[in-house]
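# Geometric and topological summary
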Amino acid sequence: FLGGFLFGWAKPTPVNTANLKNRSNDEVLVALAGPASNLVMAMLMAFVIRLLDVAGIPVYDNMIAGNIGLFSGTTVAPVELISYGLYLFVVFNVMLAVFNLIPIPPLDGSTLLFRFLPPQQAWRIRPFLSQYGMFIVLGVVLLTYSGFARWRAAHETPPLASAASAAASEPQGRTVAVLPFENLS
């Protein structure tokens, strides 16, 4: 990754609906293929992680618990980084499967929505969702991310604040250096 959140880089798979035998039902199967492949990849990687765990190779537990990290001042074994990467592979694939099932175009869930709605209602809302769907999805993603960031900021003590409170509790007459990354060596 390039160091940030990349949105809109996925390209839709071109599908020629003229090649489908039963167009309405086969479109649903085509739409379910993406999320299903994400879930299959997640299950396969979870199986690999379980095999590593049974074989006695350290699995991701310490990194999830926050005991090991790149900036915590502790050393990280390459095996732990690899197993944590495998864990993230599982998490991201499950998240992508759920995200793709949101019933707003251009996501796959919209095909399911339009298939199971009554034809008149689907015919009325399809133009609106097709025209503004990407903006709705982008708004939901940004609002969810900003809400999560606000929640995290409210439940986490910033490094400067914790260092400043530690400095305030020091006895008077001593000079204390306040650095936000005191655990780094």
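That block above? That's the structure.
The rules behind the values
Along each chain, the written sequence defines residue order, and numbers are assigned to residues from 1. At least 70 in pLDDT is required for a residue's local features to be given in this predicted model, at least 80 for side-chain atom pairs to be given and counted, and no such filter applies to totals for whole chains, interfaces and linings, which use all residues. Heavy atoms from the whole structure form the basis of all side-chain values; hydrogens and water molecules are not counted. Where helices and strands are cited, they refer to DSSP runs of H or I of at least four residues and of E of at least two residues respectively, numbered from the N terminus. Working rule for helices: expected span equals 1.5 Å times residues minus one. Working definition: with a 1.4 Å probe on protein chains only, accessible area under 20% of the residue-type maximum means buried, over 50% means exposed, and in between means partly exposed. In summary, the pairing rule links any two rings of Phe, Tyr or Trp, Trp by its six-membered ring, whose centres are within 6.5 Å, and it sorts them by plane angle into stacked for under 30 degrees, edge-to-face for over 60 and tilted for everything else. Every axis corresponds to a line fitted to the C-alpha atoms, with the helix fit spanning only the stretch in contact, and the corresponding angles, defined between N-to-C directions, vary from 0 to 180 degrees. In this scheme, roughly parallel covers angles under 35 degrees and roughly antiparallel covers those over 145, while 65 to 115 is roughly perpendicular and the rest are oblique. Crossing handedness is defined as follows: a turn of the near helix away from the far one that is anticlockwise and smaller than a right angle gives a left-handed crossing, while the clockwise case is right-handed. Only heavy atoms enter the contact rule, under which two residues are in contact if any of them lie within 4.5 Å. We call a set of buried Ala, Val, Leu, Ile, Met, Phe, Trp, Tyr and Cys residues a nonpolar core when their side-chain atoms join them within 4.5 Å.

### Side note on helix 3 (residues 78-100)
- Look at helix 3: 32 Å from first C-alpha to last across 23 residues, which is about the 33 Å you get at 1.5 Å a residue.
- Buried within helix 3 we find E80, S83, L86, V90, N93, A97 and N100.

### What about the packing of aromatic side chains?
- All chains considered together, the criterion is met by one aromatic pair.
- Ring geometry for F128 versus Y132: centroids 5.1 Å apart, planes at 50°, classification tilted. Of this pair, F128 and Y132 both sit in helix 5 (residues 119-154), four residues apart, which is roughly one turn of that helix.
- The partly exposed category is assigned to F128, whose relative accessible area is 47%.

### Topic: the packing of helix 1 (residues 23-54) against helix 3
- Helix 3 packs onto helix 1 with a crossing angle of 160° between their chain directions and a minimal axis gap of 8 Å. Between helix 1 and helix 3, the angle is such that the two are roughly antiparallel. Helix-helix and strand crossings are classified by hand; for helix 1 and helix 3 the assignment is left-handed. Contacts between helix 1 and helix 3 pair P35, N38, L39, M41, A42, M45, A46, V48, I49 and L52 from the former with L86, Y87, F89, V90, N93, V94, L96, A97 and N100 from the latter.

### Here we look at the nonpolar core
- In this structure, A42, M45, I49, L86 and V90 together form the largest nonpolar core, which totals five residues.
- Where this core is concerned, the elements lending two or more residues are helix 1 and helix 3.
- The biggest single contributor to this core is helix 1, with three residues.
- Dropping the residues within four chain positions of it, V90 is found in contact with A42, M45, A46 and I49.

The values reported here are purely geometric and, on their own, carry no functional implication.
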